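One letter stands for each residue in the lines below.
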Amino acid sequence: MEQMVNVYLYGKRYAVPASATIMEAMEFAGYQLVRGCGCRNGFCGACATLYRIAGDRELHACLACSTKVEDNMYVATLPFFPLVKAVYDIEKVRPSQQIMMQLYPEIYACVGCNACTKACTQGLNVMQYIAYAQRGEYEKCAEESFDCVMCGVCSSRCPAGISHPQVAMLARRLNGKYLAPICEHLDKRVEEIKEGRYEALLQELMAQSPEELRRLYNTRDIEK
Amino acid sequence: MYQDPVIAASAELVAAARETNIHIDPPRMTAQEKEDLLKTYHPDYREDQFEVLRVGPSKGQKVPRELAALLQGRSRISPSMDLRKADYETDVLVIGGGGAGASAAIEAHQAGAKVMVVTKLRMGDANTMMAEGGIQAADKPGDSPAQHFLDAYGGGHFAAQKDLLAKLVTEAPEAIQWLSNLGVEFDKAPDGTMITTHGGGTSRKRMHAAKDYSGAEIMRTLRDEVINRGIPVIDFTSAVELLLDESGRCAGAVLMNMETRELLIARAKTVVLATGGAGRLHYQGFPTSNHYGATADGLVLGYRAGARLLYPDTLQYHPTGAAFPAQIFGALVTEKVRSVGAMLINAKGQAFMNPLETRDVSAAAIIRECSDRGNGVKTPAGYAVWLDTPMIERKHGPGTIEKRIPAMMRMFGKYGIDIRKEPILVYPTLHYQNGGLKISVDGQSDVENLFVAGEAVGGIHGRNRLMGNSLLDIIVFGRSAGRHAAAKAAGVTPGRAALSHVEAFHAALDQAGVDTGVVSPKLLPTYNSLGKDF
């Protein structure tokens, strides 16, 4: 018989297998999930969850899909959080410090409490990437925030009302489009293809007999 | 640290053999060896797991049993429902909020069409978000679209629809450029050169990546762009049936609010079906790397409306699903782990195959190792082989894992396994639907004005897909479907939308005496302990 623990889903007690994730525990209890469940593997941020262990004052945040239950765990899910998403035209914005001031001025109201970092389900240094955004250091902000799954727990804990994941999203797009080094071999190849330079080679290959295609495939040289 | 004594003892053998294994380059299998291996061990060859369709446009076609039940299931709605009042009216209706749907929406919008997106869960709850390893494009010297074609065509067992594959490889570099211009961050050297690696079955290093969050980085950027453009996204709203007009052209869909179950009507001039894959149907009892909503809905909707399927009997089992611990059983361990140097090792510490064979071959070889050869590691869930991750830093230096595959480090780290120091246990997991609805090179299905893009399409990859060609296909064919759907919509005079095709399908089921006892599309898997279907 598998070892069981007690979890309190929205305050109601259920006995669930000790090895279950919080998400599996909810399903074990009989829930049919619609919200609060996405990739089930820590990439999509759908299952942000808050919990406390009875007797412990500290409030924890996690992703329900990739956190094991504990005995006497009190669970509340946060399947949606009203983040502020500023709308902009990526072709018209520029990676200047002003753009953050225009689109997300509240980041300058950060009080440095670090609640965002403590709450991050990915263990990111959220307050640090907001500091980079304040200074217009978008490359650093992009790198520091890269693993963000946009679950929104950081924002739920922020006294300044900052929508951290959206700030980071803007920083990454600015970095990817304007600051990252230009890839010359890519641009060159796109031009060459537009000019039709690779068309004949491809057509010739496609016109080969099935036997010849097999031979070409099975004897092709593989780059080391 | 592995607590289980059998697992721990085997991990010791792997560690002891590491210095020897690191210098071995296991030979690639011959064509004959691969064919024999697949026939004996690949799940696609287990005849008793398939069923022949008795009703519908692909009658006579073999499909997985679980899919047959849904394709030949009954509608969730009454075909006689009142369709006069439209809740939404648009030029282009995109069904599905993954990478293909988002790309289609952006391009349809760019072309000036009125476009809207409906999605069963949230925008971005899709397999795109979970794609880790990368995206292929022949954009480096020494490589060419033709070389990319040869790799994919051979890797797909010479079964791909040639015109679709030619489009895929030819438009690949432009797809990367488009993403890059939207702000997607690719791994680059300081001079701007793309950092590219091999995937299984590639002959050139053309795998572009954004660490091991490649799909997530692409998806979140596309989603941001859809919102910036003001394209309406109706989330938690699934299509449950397509609408056809009196001349059989697709004219919209019946939608269902996933929370209130309210039915809604969306009228459209053209429709892009981008509903993704089927991993959550758990074919043959396999675990899956797919997201929660991957239940083959698009195949069901399209099939009932009269669209033929192509290769629905070929599934991709990703060779390296996590086999331990139980909490991540079946989760994807990206092929990039092998691209950057980890080898596949059996319970005895032997490097039993070249780590960069194609996915179907690798999966079959792992199944062979764990069954007839008896070289698997016993785990609580069955058997597994090792993926020797510490090799990566042994080859490329400390810090490589955190830099190149941080998501993998995090996923195992959560359960106390440091992949820099310890190898990990893997076994094949249901990953991708190679087949799907048949399309023309413009992305249109057999049903006029019904376009299909992404994993719901069959034929681009043949009977096996290479790593990095799926992120590519959702972009290339998603964009193309959006453009063509917008252009086509401009010339459409809406007719009277109806569900008579559903009525006819029900009649055909009755006539053939088929009663699978299920309603479809399935929408969500049944994981609740009460066993109640959604």
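What counts and how
- Residues numbered from 1 in each chain as written.
- Chains lettered and ligands numbered in written order.
- Predicted model: local features only at pLDDT ≥ 70, side-chain atom pairs only at ≥ 80, totals over all residues.
- Helix = DSSP H or I, 4+ residues; strand = E, 2+ residues; numbered from the N terminus.
- Rg over C-alpha atoms; globule rule 2.2 N^0.38 Å.
- Buried ≥ 20, exposed ≤ 12 C-beta atoms within 10 Å, placed from the backbone.
- Contact = placed C-beta atoms within 7 Å.
- Nonpolar A, V, L, I, M, F, W, Y, C, P; charged D, E, K, R; others polar.
- Domains from an automatic or database assignment.
- Pairing = 2+ DSSP bridges.
- Axes fitted to C-alpha atoms, helices over the stretch in contact; angles between N-to-C directions.
- Parallel < 35°, antiparallel > 145°, perpendicular 65-115°, else oblique.
- Left-handed = near helix turned anticlockwise from the far one by under 90°.
- Arc of directions from axis to C-beta.
- Core = buried A, V, L, I, M, F, W, Y, C linked by C-beta atoms within 7 Å.

### Examining the overall build of chain A
Then comes step 1: Of regular secondary structure, chain A possesses 10 helices and 5 strands.
Then comes step 2: In summary, chain A has a C-alpha radius of gyration of 25 Å against a globular reference of 17 Å for 224 residues, an excess of more than 25%.
Then comes step 3: Counting only C-alpha atoms and orienting by the principal axes, one finds that chain A spans roughly 70 × 55 × 30 Å.
Then comes step 4: Buried residues in chain A amount to 42% of all 224 residues.
Then comes step 5: Contacts in chain A between residues far apart in sequence, at least 24 positions, make up 61% of those at least 6 positions apart.

### Observations concerning the overall build of chain B
Then comes step 1: Assigned secondary structure in chain B consists of 17 helices and 21 strands.
Then comes step 2: Taken over C-alpha atoms, the radius of gyration comes to 23 Å for chain B, in line with the 24 Å a tight globule of 534 residues would show.
Then comes step 3: Looking at chain B residue by residue over its 534 residues, the buried ones come to 63%.
Then comes step 4: For chain B, contacts bridging at least 24 residues in sequence account for 76% of all contacts bridging at least 6.

### Some thoughts on the interface of chain B and chain A
Quoted interface sizes are often the accessible area lost when the parts come together.
Then comes step 1: Between chain B and chain A, the contact holds 67 residues from the first and 61 residues from the second.
Then comes step 2: Looking at the side of chain B that touches chain A, the elements that each hand over two or more residues are helix 5 (127-130), helix 6 (145-155), helix 7 (162-170), helix 8 (172-182), helix 9 (214-228) and helix 15 (406-413) of chain B.
Then comes step 3: Grouping the amino acids of the side of chain B that touches chain A by side-chain chemistry returns 32 nonpolar, 17 polar and 18 charged.

### A closer look at the domain arrangement of chain B
Residue and element names in this part refer to chain B.
Then comes step 1: In terms of domains, chain B is made up of domain 1 (5-41 + 316-430) and domain 2 (88-314 + 434-489).
Then comes step 2: The C-alpha centroid of domain 2 is placed 29 Å from the C-alpha centroid of domain 1.
Then comes step 3: Facing 26 residues of domain 1, the contacting portion of domain 2 comprises 27 residues.
Then comes step 4: Secondary-structure elements contributing two or more residues to the side of domain 1 that touches domain 2 are strand 13 (315-322), helix 11 (336-339), helix 12 (359-370), helix 15 and strand 17 (424-433).

### Quick notes on the pairing of strand 4 (residues 60-63) of chain A
All names here are of chain A.
Then comes step 1: In the sheet, strand 3 (residues 48-53) pairs with strand 4 via 4 bridges, with the strands oriented antiparallel. Looking at the pairing, Ala-48 lines up with Leu-63 of strand 4.
Then comes step 2: Counted between consecutive antiparallel strands, the loop separating strand 3 from strand 4 contains 6 residues, among which Gly-55 sits at a positive phi close to 95°.

### Details of the packing of helix 6 of chain B against helix 7 of chain B
All names here are of chain B.
Then comes step 1: Where helix 6 meets helix 7, the closest approach of the two axes is 9 Å, and the angle between their N-to-C directions is 130°. Classified by the interaxial angle, the pair formed by helix 6 and helix 7 is oblique. In the packing of helix 6 onto helix 7, the handedness of the crossing is right-handed. Where helix 6 approaches helix 7, its residues Pro-145, His-148, Phe-149, Ala-152 and Tyr-153 are matched on the opposing element by Leu-165, Ala-166, Val-169 and Thr-170.
Then comes step 2: The residue inventory of the contact of helix 6 with helix 7, partitioned by class, reads 7 nonpolar, 2 polar and no charged.

### A few points about the domain arrangement of chain A
Residue and element names in this part refer to chain A.
Then comes step 1: Taken domain by domain, chain A holds domain 1 (4-77), domain 2 (97-179) and domain 3 (191-215).
Then comes step 2: Between the C-alpha centres of domain 1 and domain 2 the distance comes to 27 Å.
Then comes step 3: Taken together, the 7 residues of domain 1 in the interface contact 7 residues of domain 2.
Then comes step 4: Ranked by residue count, the leading element in the side of domain 1 that touches domain 2 is strand 4, at 3 residues.

### Structural notes on helix 2 (residues 31-41) of chain B
Residues and elements named next belong to chain B.
Then comes step 1: Every buried residue belonging to helix 2 is among Leu-37, Leu-38 and Tyr-41, and all of these are buried. One side of helix 2 holds all its buried residues, which, seen down the axis, span an arc of 95°. Turned more than 90 degrees away from the buried face of helix 2 sit Ala-31, Gln-32 and Lys-39, all of them exposed.
Then comes step 2: On its buried face, helix 2 sits against helix 12.

### Regarding the packing of helix 4 (residues 99-110) of chain B against helix 16 (residues 469-489) of chain B
Residues and elements named next belong to chain B.
Then comes step 1: Following both chains from N to C, one finds helix 4 and helix 16 inclined at 35°, their axes separated by 7 Å at the closest point. The interaxial crossing formed by helix 4 with helix 16 has right-handed handedness. Between helix 4, through Gly-99, Ala-100, Gly-101, Ser-103, Ala-104, Ala-105, Ile-106, Glu-107 and Ala-108, and helix 16, the contact on the second element is made entirely by Leu-471, Ile-474, Ile-475, Phe-477, Gly-478, Arg-479, Ala-481, Gly-482, Arg-483, Ala-485 and Ala-486.
Then comes step 2: Tallied by class, residues from the contact of helix 4 with helix 16 come to 12 nonpolar, 5 polar and 3 charged.

### Considerations on unusual backbone geometry
Residue and element names in this part refer to chain B.
Then comes step 1: Here the amide bond leading from Phe-324 into Pro-325 is cis, since omega sits at 0°, within 30 degrees of zero.
Then comes step 2: Mapped onto the elements, Pro-325 comes out in the loop between strand 13 and helix 11.
Then comes step 3: Omega for the bond connecting Ser-520 with Pro-521 falls within 30 degrees of zero, at 5°, which places this linkage in the cis form.
Then comes step 4: The residue Gln-284 is not glycine, and still its phi comes out positive at about 55°.
Then comes step 5: Mapped onto the secondary structure, Gln-284 falls in the loop between strand 11 (263-273) and helix 10 (297-305).
Then comes step 6: One non-glycine residue, Leu-523, lies in the positive phi region at around 70°.

### A word on the sheet that holds strand 12 (residues 309-310) of chain B
Then comes step 1: Within the open sheet, the 3 strands sit side by side as 12-18-20 (chain B). Their pairing is mixed. At either end of the open sheet lies a strand with only one pairing partner, and these are strand 12 and strand 20 (457-458) of chain B.

### Here we look at the sheet that holds strand 1 (residues 4-9) of chain A
All names here are of chain A.
Then comes step 1: Pairing is mixed across the open sheet formed by 5 strands, whose spatial order is 2-1-5-3-4. Each of the sheet's edge strands pairs with one partner strand only, and the pair in question is strand 2 (12-17) and strand 4. Shown here is a sheet whose adjacent strand axes are inclined to one another by a mean of 35°, direction ignored.
Then comes step 2: When strand 1 meets strand 2, the two strands line up antiparallel, connected through 6 bridges. Paired with Asn-6 across the bridge in strand 2 is Ala-15.

### Focus on the environment of Pro95(A)
All names here are of chain A.
Then comes step 1: Here Pro-95 is to be found in the loop between strand 5 (73-77) and helix 2 (97-103).
Then comes step 2: Under the C-beta neighbour-count criterion, Pro-95 is labelled partly exposed, with 18 such atoms within 10 Å.
Then comes step 3: Separated by 125 residues in sequence, Pro-95 and Arg-220 have C-alpha atoms that sit 45 Å apart.
Then comes step 4: Residues in contact with Pro-95, not counting those within four places in the same chain, are Tyr-138, Leu-174, Tyr-178 and Leu-179.

### Some words on the environment of Gly458(B)
All names here are of chain B.
Then comes step 1: Following the sequence through the fold, Gly-458 ends up in strand 20.
Then comes step 2: On the basis of neighbour count, Gly-458 is assigned to the buried category, with 26 C-beta atoms found within 10 Å.
Then comes step 3: As for Gly-458 and Arg-308, which are separated by 150 residues in sequence, their C-alpha atoms are 9.8 Å apart.
Then comes step 4: Look past the residues within four positions of Gly-458 in its chain and what remains in contact with it is Leu-309, Leu-310, Tyr-311, Pro-312, Gly-435, Gly-436, Leu-437 and Lys-438.

### Thoughts on the environment of Ile176(B)
Then comes step 1: Tracing the backbone shows Ile176(B) in helix 8.
Then comes step 2: Here Ile176(B) is in contact with Leu186(A), Ile135(B), Ala137(B), Asp139(B) and His208(B), once residues within four sequence places are set aside.

### Observations concerning the nonpolar core
Residue and element names in this part refer to chain B.
Then comes step 1: Counting 238 residues, the largest nonpolar core has Val-92, Val-94, Val-271, Val-272 and Ala-453 as its most contacted members.
Then comes step 2: The element that contributes the greatest number of residues to this core is helix 16, accounting for 10 residues.
Then comes step 3: Sequence-distant contacts of Val-92, defined by excluding residues within four places in its chain, comprise Ala-108, Ala-113, Val-115, Ala-268, Thr-270, Val-272, Ala-485, Ala-486 and Ala-489.

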